[in-house]
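An overview of the molecular structure
Listed below are the residues making up each chain.
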Amino acid sequence: MGRSFANLHIKSNNLEKTLDALRELSHGYTEVLGGKEAQESKTVMYVSKSNDDWISVLHDYFVWGTVKEIGKTLSQLIGVPIMTGGYINEEIFELSFFADGDIQAERIFCEQWTRDEYEQLKEERLNDDYLKEVLGIDNESLADLISITSPEQAVNKLSELVELSLWSDFEWIPYEETLKKQFEKYEL
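Predicted model only: the values in this text are computed from it and were never measured. (Residues numbered from 1 in each chain as written. Predicted model: local features only at pLDDT ≥ 70, side-chain atom pairs only at ≥ 80, totals over all residues. Heavy atoms only, no water.)

In contact at an axis separation of 9 Å, helix α5 (residues 139–146) and helix α6 (residues 151–162) are set at 160° when each is read in the N-to-C sense. As the angle between them shows, α5 and α6 are arranged roughly antiparallel. Remark: the crossing between α5 and α6 carries left-handed chirality. Residues Ser141, Asp144 and Leu145 of α5 form the contact with α6, whose own contacting residues are Ala154, Lys157, Leu158 and Leu161. Here the contact of α5 with α6 is composed, by residue class, of four nonpolar, one polar and two charged. (Axes fitted to C-alpha atoms, helices over the stretch in contact; angles between N-to-C directions. Helix = DSSP H or I, 4+ residues; strand = E, 2+ residues; numbered from the N terminus. Parallel < 35°, antiparallel > 145°, perpendicular 65-115°, else oblique. Left-handed = near helix turned anticlockwise from the far one by under 90°. Contact = heavy atoms within 4.5 Å. Nonpolar A, V, L, I, M, F, W, Y, C, P; charged D, E, K, R; others polar.)

What follows is the structure, encoded as structure tokens:
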């Protein structure tokens, strides 16, 4: 087994609006975050205003398989694009984009043998024009990105294109000094 992570990124420069939406998600949609309906404890999230365009969020329930549903739900609450990334065992990098509760675009970066092994591994919606627009990249950069089959190379290329470190996960915070400095803990 290799390295895995899952994270969520909100296309916004408004930290307060983002925190309000995360509070609403934490209180009104606890089941999406793996909690019980009448949850008394506060939800812990790590949030970083990664750059002028994106706010990154980490939570312990963000894993490949759950982060997409959380992104979809949050996109209904906040009204801006949401990008989720799930990286599993160094074999798959699933990149999904949501707006207003609907998936807008998706790319799965993996080798052909991985697609053959995971028969259910199909993109829900290929929309390269949307990817180009929301990421703010040109045709050549998009072509370079979507031609990649290596999950690790795709994460690195996307991180470079949007100037955002995608190599982050809730579980890594205690062990990685750069993440400790970048992310602030919020109890919502």
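Summed over the entire model, instances satisfying the criterion amount to ten aromatic pairs. Between phenylalanine 5 and phenylalanine 93, the ring centres sit 6.4 Å apart and the planes meet at 50°, which makes this aromatic pair tilted. In this pair, phenylalanine 5 is assigned in strand β1 (residues 5–11) and phenylalanine 93 in strand β5 (residues 92–99), connecting sequence segments 88 residues apart. Neither phenylalanine 5 nor phenylalanine 93 differs from the other in exposure class; each is buried. Taken together, the aromatic side chains of Phe5, Tyr87, Phe93, Phe109, Trp167 and Trp172 make up a single cluster linked through ring pairs. (Phe/Tyr/Trp six-rings, centres within 6.5 Å; stacked < 30°, edge-to-face > 60°. Buried < 20%, exposed > 50% of the residue type's maximum accessible area, 1.4 Å probe, protein only.)

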